[in-house]
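Examining the three-dimensional arrangement
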Amino acid sequence: MIAATRNWVSRFVVGHDVCPFAARELRRDSIRYQVLAADDFETALLTLIEACRALDASPAIETTLLILPRGVDEFEDYLDLLDLAEALLEAEGYSGVYQLASFHPDYCFDGAEPDDPANATNRSPWPMLHLLREASVSRALDNYPDPQAIPERNVALMRRLGNARLDAERAACQSVGEA
């Protein structure tokens, strides 16, 4: 699962420049990947806080992808977990320190049609919580020309690629076996 997620980051996220800041972290090997074996919210939330503490202790780790293969298959369940995770980060004093990005195989932006290819910007092989250092995100955005254009560019790209190709790419990334 970690190999497949690394493949997705490399081939999809970096390959399509969905996140223009990911390539650097991929080259630096500063992305931590963790599979969460449990399928309950409590364990997921405890693991999230442990991941925050691991980032606190390891400045060389820039970001963490928590891979959730069970328990949040349904997108609505995932959104419930995401809401709880955001609240927990705030309650634990991590608001302004870390932020969450969200990825799910059935991701659908609020107000978007489920079959809109634009949703693919946040679709992943498995549900994931992406924990980012907020200071690093701010620095990256400050040094990037026209960061507001990133989402628009991504939407246009996803629509140009279309659902059939995007689904095939995600499936190809997911099929990579563990080494």
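Scroll up to find the structure this text is about.
Definitions and cut-offs
Residues numbered from 1 in each chain as written. Predicted model: local features only at pLDDT ≥ 70, side-chain atom pairs only at ≥ 80, totals over all residues. Heavy atoms only, no water. Helix = DSSP H or I, 4+ residues; strand = E, 2+ residues; numbered from the N terminus. Buried < 20%, exposed > 50% of the residue type's maximum accessible area, 1.4 Å probe, protein only. Lys, Arg positive; Asp, Glu negative; His and termini not counted. Salt bridge = Lys/Arg side-chain N within 4 Å of Asp/Glu carboxyl O. Polar contact = N/O pair within 3.5 Å; in protein donor to acceptor, adjacent residues only side chain to side chain. Contact = heavy atoms within 4.5 Å. Disulfide = S-S within 2.5 Å. Phe/Tyr/Trp six-rings, centres within 6.5 Å; stacked < 30°, edge-to-face > 60°. Axes fitted to C-alpha atoms, helices over the stretch in contact; angles between N-to-C directions. Parallel < 35°, antiparallel > 145°, perpendicular 65-115°, else oblique. Left-handed = near helix turned anticlockwise from the far one by under 90°. Nonpolar A, V, L, I, M, F, W, Y, C, P; charged D, E, K, R; others polar. Pairing = 2+ DSSP bridges.

Re the side chain of Arg133
Structurally, the position occupied by Arg133 is in strand E4 (residues 128-133). Buried Arg133, no salt bridge; nearest opposite-charge side chain is Glu62, N-O distance 4.4 Å. Separated by 2.8 Å, the side chain of Arg133 and the backbone oxygen of Ile61 make a polar contact. Apart from the residues lying within four places of it in its own chain, the contact partners of Arg133 are Leu55, Ser58, Pro59, Ile61, Glu62, Val97 and Tyr98.

Observations concerning the state of the cysteines
Using the criterion set out here, one finds zero disulfides in the structure. Unpaired in terms of disulfides, Cys19 finds its nearest cysteine sulfur in Cys173, a separation of 16 Å. Free of any disulfide, Cys52 has its nearest neighbouring cysteine sulfur in Cys19, separated by 19 Å. Assessed through its relative accessible area of 0%, Cys52 is described here as buried.

What about the packing of aromatic side chains?
A full pass over the atoms with the stated rule returns seven aromatic pairs. Pairing Trp8 with Phe12 gives two aromatic rings, centres 6.4 Å apart and planes at 10 degrees, and the pair type is stacked. With Trp8 and Phe12 both in helix H1 (residues 2-14), this residue pair falls four residues apart, about one helical turn. Owing to a relative accessible area of 2%, Trp8 belongs among the buried residues under this scheme. The rings of Phe75, Tyr78, Tyr107 and Phe109 are connected pair by pair, giving a single aromatic cluster.

Considerations on the packing of helix H3 (residues 41-57) against helix H4 (residues 75-91)
One can describe the packing of H3 onto H4 by two numbers: an axis separation of 10 Å at closest approach and a directional angle of 45 degrees. Relative to H4, the element H3 lies oblique. The hand of the H3/H4 crossing is right-handed. Where H3 approaches H4, its residues Phe41, Ala44, Leu45, Leu48, Ile49 and Cys52 are matched on the opposing element by Asp77, Asp80, Leu81, Leu84, Ala85, Leu88 and Leu89.

A few points about the packing of H1 against helix H6 (residues 149-174)
Here H1 crosses H6 at 150 degrees, and the two axes come no closer than 9 Å. Accordingly, the angle class assigned to the pair H1 and H6 is roughly antiparallel. Both H1 and H6 take part in a crossing whose hand is right-handed. Taken together, the residues of H6 that come into contact with H1 (itself represented by Ala4, Asn7, Trp8, Arg11 and Phe12) are Met158, Leu166, Glu169, Ala172, Cys173 and Gln174. When the residues that make up the contact of H1 with H6 are grouped by side-chain class, the tally is seven nonpolar, two polar and two charged.

Quick look at the pairing of E4
By the criterion of burial, E4 is predominantly enclosed, with six of the six residues buried. The side-chain alternation of E4 yields two buried faces, one formed by Met128, His130 and Leu132 and the other by Leu129, Leu131 and Arg133. The pairing of strand E2 (residues 63-67) with E4 spans five bridges and is classified as antiparallel. Paired with Leu66 across the two strands is Leu129, which belongs to E4.

What about the environment of Ala23?
Considering the arrangement of structural elements, one finds Ala23 in helix H2 (residues 22-28). C-alpha of Ala23 to C-alpha of Ile49: the two residues are 26 residues apart in sequence and 26 Å apart in space.

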